[in-house]
Amino acid sequence: MIELASNWKRTLTIRNPILLAAGGYTTDAAHIGALVTLPTTWRARAGAPMPRVVEIPGGVLVRTGAANPGLPRVVREHRRAWEQSPAPIIVAFAAQGARDWATMAAQLESVTGVGGIELHFNPALDAADALRAVRAATELPILAKLDLDNAYEIAAACVAAGANALVLGRAPRGMKIVEGKAWYGRLYAPSVKPLALRVVGEIRDLGLGIPLIGCGGIHSAEDAREFLAAGASAVEIDSAEWIEPGIAERVATEVDA
Amino acid sequence: MKSYSCRVVENRNLWVDTQLVAFDAPDLSRALHPGQFALARAAPTFDPYLRRVLWLYASDGERVAFVFSACDPLAARTRVGDSLDLLAPLGNAINLDANARRVLLIGEGTRIVQLIALAHDAVAQAREVVLASSPVVGGGGHGVGVSPSPVADGGGYGVGVFPTHLLAPEIEYRTDDALSAELLVWADAIIASGSAELYRALASAIRAARYRLESGFARVIVDLPMPCGTGACYACAVETTRGAQLACVDGPAFDLVKFETRSAR
């Protein structure tokens, strides 16, 4: 068993270090540690204009604009499944809806099956301020998912403001020229792994005293073990699920073996 | 959805830049219905990274054929005898109303290939079928960089006459005005595949010809890049009158009444 909120009164205990990141709102996972939902906002968001997906060699840039049905609908449609989920549900909050995070956190306080929330930061947000507001609104464990760009700089402030674990990190932002214009998206690819691993190692060395969760480019059990060796207590598997549905379950089994 | 490992028995150019890939795969063939698609792993490595959308083209319970872009790397690297890793069936089958005796299928450019399976299915159900080719009216731009596909670019690349010898003789193939009042009044049901521009034009033409656009009368196929195919990534979210829906799990066909075409841009 792994405790992801060791510095907090409410626990978030997982039985396996493999988490499924941004896995829609599924609960279909018997062996993994926890299920992290698609990033959600308070109100529904239609998302970014097309194109939203631009493939590059060995990876893909994605910009969904946090398209999601809105938290009230998500809770309404999935409450029963979450109650019966064998693994804790961690509800992710999209950066685009940061002004509503405290309201959203309070809404989830009493939803059975929800074990924590994951706040998705970007460099434009004041992470410490946002964390303090959410901390005041909920006793749910808070995971702060940071941009790799500034994770090292803000990690300590996030811990001081109430984060129970740091997720390192969000997919790095990239750019491509599309039809003559700059197009920005987040990069999902195996090549992200070394970038995320470096950040995990650097922040481990800060000795912040809370669990670190590695995320980025994990496509195998060996990838997951590298993050654990670098100092992560757990890892999130994200876009690999698009290529091989069920890979999180497989990696969880292999890492356990 | 299940995972299949299927051996390729045919891989060839079908028409313009449309590739056909076929498998002797009875289980898969029986699991798929017109309107549905499969996702194919493009490479054992991660380059190309994403799975490719293969649209059902024909299925007879033993053999199943799909179409995709001939420009996609999958077309060139696939050999007869190779095994492909497929996820299927994905999306919802297009079921025609039992009372729809006259079916109008409208395909914009090469997107017409997405309607061939449905056309043959409708003929097998003793319906009258008109397959109408629309010129490309869409501006393109969908999924730039992902599978520059005739079924992912918002309208198809070329305009030409689909090889009619590939169609059952009962299918009437038309290359004149696909949105003519004559056809729109004749039809009991319409399925279209094309760009948002085509769908806007179709809605206007139906209202002009039939005075109103009724729910259930016309459905449109929304073809966007679908990285996961399972509703997890939300990259294919579209706005409908029922809120955000996903092309991969709620579609790919949507009622034209409920579909707000701005979301397909």
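Asks: Could you give an account of the overall build of chain B, with specific residues and numbers?
Replies: A count of helices and strands for chain B gives five helices and 14 strands. Counting only residues that meet the buried cut, chain B has 62% of its 265 residues in that class. For chain B, the proportion of contacts with a sequence separation of at least 24, taken over those separated by at least 6, is 70%. Accessible surface computed for chain B: about 9,600 Å², of which carbon and sulfur atoms make up 49%.

Asks: Quick one: what's the story with the side chain of Glu-118 of chain A, residue by residue and with numbers?
Replies: Residues and elements named next belong to chain A. Positionally, Glu-118 belongs in strand S8 (residues 114-120). Looking at Glu-118, the relative accessible area reads 1%, which means it is buried. Those residues in contact with Glu-118 that lie beyond four places of it in its chain are Val-36, Ile-90, Val-91, Ala-92, Phe-93, Leu-143, Lys-145, Val-167 and Glu-236.

Asks: Can you break down the packing of helix H4 (residues 151-160) of chain A against helix H5 (residues 193-204) of chain A residue by residue, with the values?
Replies: All names here are of chain A. Taken N-terminus to C-terminus, the directions of H4 and H5 make an angle of 45°; their axes are 10 Å apart at the nearest point. On the basis of their axis angle, the class for H4 and H5 is oblique. Both H4 and H5 take part in a crossing whose hand is right-handed. Residues Ala-151, Tyr-152 and Ala-155 of H4 pack against Val-199, Glu-202 and Ile-203 of H5. Class assignment of the residues belonging to the contact of H4 with H5 gives a composition of five nonpolar, no polar and one charged.

Asks: Just give me the short version of the interface of chain B and chain A, but keep the residues and values in it.
Replies: Accessible area lost upon the coming together of the parts serves often as the stated size of an interface. On the chain A side, the residues contacting the 34 residues of chain B number 33 residues. Of the roughly 2,600 Å² buried at the junction of chain B and chain A (both faces included), carbon and sulfur atoms supply 63%. At the boundary of chain B and chain A, one finds one salt bridge. A salt bridge links Arg-52 of chain B to Glu-55 of chain A, with the nearest nitrogen and oxygen atoms 2.7 Å apart. Here chain B is connected to chain A by nine residue pairs in polar contact (both at pLDDT 80 or more). Elements with a contribution of two residues or more to the side of chain B that touches chain A: strand S12 (237-240) and strand S13 (243-246) of chain B. Class assignment of the residues belonging to the side of chain B that touches chain A gives a composition of 20 nonpolar, seven polar and seven charged.

Asks: Provide a residue-level description of the pairing of strand S9 (residues 142-147) of chain A, including the pertinent values.
Replies: Residue and element names in this part refer to chain A. Counting buried positions over the six residues of S9 gives six, a clear majority of the element. Sheet topology places S8 next to S9; four bridges connect them, and they run parallel. Counterpart to Glu-118 in the pairing with S9 is Leu-143. What joins S8 to S9 is helix H3 (residues 127-137), and the crossover it makes is right-handed. Summarising the sheet, S9 and strand S10 (residues 165-170) pair through five bridges and their orientation is parallel. When the bridges of S10 are listed, Leu-146 appears paired with Leu-168.

Asks: Kindly report on the nonpolar core, identifying the contributing residues and their values.
Replies: One broad trend across soluble globular proteins is that nonpolar side chains are buried collectively. If you look at the biggest cluster of nonpolar residues, it comprises 73 residues, and the most contacted ones within it are Ile-106, Phe-162, Ile-190 and Leu-202 of chain B. Ranked by residue count, the leading element in this core is helix H5 (residues 196-210) of chain B, at seven residues. The next biggest cluster of nonpolar side chains, apart from the first, holds 63 residues, and it includes Leu-119, Val-199, Ala-224 and Ala-248 of chain A.

Asks: Describe the pattern of salt bridges, with residues and values.
Replies: In total, this model carries 29 salt bridges over all chains according to the counting rule given. Between Arg-102 of chain B and Asp-188 of chain B there is a salt bridge whose closest N-O contact spans 3.5 Å. With Arg-102 of chain B in strand S7 (residues 102-108) and Asp-188 of chain B in the loop between helix H4 (181-186) and strand S10 (189-193), the pair connects residues that are 86 residues apart, well separated along the chain. Judged by relative accessible area, which is 29%, Arg-102 of chain B ranks as partly exposed. Linked through salt bridges whose partners overlap, the residues forming this network are Asp-147, Asp-149, Arg-173 and Arg-186 of chain A.

Asks: Tell me about the sheet that holds S10 of chain B, residues and numbers included.
Replies: All names here are of chain B. Within the open sheet, the six strands sit side by side as S9-S8-S7-S10-S11-S14. Their pairing is mixed. Edge positions in the sheet fall to strand S9 (171-174) and strand S14 (253-255), since each of these pairs with one other strand and no more. Neighbour-to-neighbour, the strand axes of the sheet open up by a mean angle of 20°, direction not taken into account. Two strands pair when backbone bridges link them, and strand S11 (residues 218-221) and S14 are joined in this way by three bridges, in the antiparallel orientation. Each residue of the ladder has a partner; that of Val-220, found in S14, is Phe-254. Helix H3 (residues 116-124) rests against S7, strand S8 (128-134), S9 and S10 of the sheet, and its axis sits at about 160° to S8.

Asks: For the pairing of S10 of chain A, give the residues involved together with the corresponding values.
Replies: Regular strands show a simple pattern: their side chains alternate between the two faces of the sheet. Residues and elements named next belong to chain A. Counting buried positions over the six residues of S10 gives six, a clear majority of the element. Relative to strand S13 (residues 212-215), S10 runs parallel, the two sharing three bridges. The residue bridging Leu-166 from the neighbouring strand is Leu-212, located in S13.

Asks: How would you summarise the packing of aromatic side chains if you had to cite specific residues and measurements?
Replies: Residue and element names in this part refer to chain B. All told, the structure shown has six aromatic pairs over all chains when counted by the stated rule. Ring geometry for Trp-15 versus Phe-162: centroids 5.1 Å apart, planes at 80°, classification edge-to-face. In this pair, Trp-15 is assigned in strand S1 (residues 2-15) and Phe-162 in the loop between S8 and S9, connecting sequence segments 147 residues apart. Ring geometry for Phe-46 versus Tyr-49: centroids 6.1 Å apart, planes at 50°, classification tilted. Assessed through its relative accessible area of 25%, Phe-46 is described here as partly exposed. Here the guanidinium or amino end of Arg-210 rests over the ring plane of Phe-217, the centre of that ring lying 4.0 Å away.

Asks: Explain the state of the cysteines residue by residue, including any values.
Replies: The final tally for this structure, using the stated rule, is zero disulfides over all chains. Of all cysteine sulfurs, the one in Cys-233 of chain B lies closest to Cys-228 of chain B, which takes part in no disulfide; the gap is 3.7 Å.

Asks: Explain the environment of Thr-138 of chain A to me, and be specific about the residues and the numbers.
Replies: Residue and element names in this part refer to chain A. When you line up the elements, Thr-138 lands in the loop between H3 and S9. The exposure class assigned to Thr-138 is buried, which follows from its relative accessible area of 3%. With 34 residues separating them in the primary sequence, Thr-138 and Met-104 have C-alpha atoms 9.4 Å apart. In this view, Thr-138 contacts Trp-8, Ala-105, Glu-109 and Ile-117; residues no more than four positions away in its chain are not counted. Here Glu-109 takes part through its side chain, which lies 2.3 Å from a polar atom of the side chain of Thr-138.

Criteria and cut-off values
What you see as residue numbers is a count from 1 along each chain, following the sequence as written. Chains carry letters and ligands carry numbers; both start at the beginning, A for chains and 1 for ligands, and go up in the order they are written. Whole-chain, interface and lining totals are the exception, using all residues; otherwise, since this is a predicted model, local features are given only for residues with pLDDT of at least 70 and side-chain atom pairs are given and counted only at 80 or more. Note that water and hydrogens are dropped before the side-chain values are worked out from all heavy atoms of the structure. A run of H or I in DSSP counts as a helix once it spans at least four residues, and a run of E counts as a strand once it spans at least two, with each numbered from the N terminus. Accessible area is worked out with a 1.4 Å probe on protein chains only. A residue is then buried under 20% of its type maximum, exposed over 50%, and partly exposed in between. Pairs of residues are marked as contacts when any of their non-hydrogen atoms sit within 4.5 Å. Per-residue accessibility takes into account occlusion by the displayed protein chains alone, with areas from the Shrake-Rupley method and a 1.4 Å probe. Axis geometry follows a simple rule: fit a line to the C-alpha atoms, using only the stretch in contact for helices, then measure angles between N-to-C directions, giving values from 0 to 180 degrees. When describing relative orientation, an angle under 35 degrees is termed roughly parallel and one over 145 degrees roughly antiparallel, while 65 to 115 degrees is termed roughly perpendicular and anything else oblique. Two helices crossing with the near one rotated counterclockwise from the far one by less than a right angle form a left-handed crossing, whereas a clockwise rotation gives a right-handed crossing. The residue classification treats Ala, Val, Leu, Ile, Met, Phe, Trp, Tyr, Cys and Pro as nonpolar and Asp, Glu, Lys and Arg as charged. All others, Gly included, are polar. Buried area is calculated as the accessible area (1.4 Å probe) missing from two parts once they are joined, with the contributions of both summed. For this analysis, a salt bridge means a side-chain nitrogen from Lys or Arg found within 4 Å of a carboxyl oxygen belonging to Asp or Glu. Any pair of N or O atoms that falls within 3.5 Å is considered a polar contact. Within protein, one atom must be able to donate a hydrogen and the other to accept it, and sequence-neighbouring residues count only if both atoms are side-chain atoms. Two strands form a pair only when DSSP identifies at least two bridges running between them. Whether a crossover is right-handed depends on one test, that the path from the first strand over the helix to the second runs clockwise when the strands point away from the viewer. Residues belong to one nonpolar core when they are buried, are Ala, Val, Leu, Ile, Met, Phe, Trp, Tyr or Cys, and are joined through side-chain atoms within 4.5 Å. Side-chain rings of Phe, Tyr and Trp, where Trp is taken by its six-membered ring, are said to pair if the distance between their centres is within 6.5 Å; with planes under 30 degrees apart they count as stacked, over 60 as edge-to-face, and otherwise as tilted. For a lysine, the NZ atom is tested; for an arginine, the CZ atom; a charge sits over a ring if that atom is within 6 Å of the ring centre and within 35 degrees of the ring normal. By disulfide we mean two sulfur atoms from cysteines, separated by a distance within 2.5 Å.

So far we have only geometry, and geometry alone does not tell us how the molecule works.
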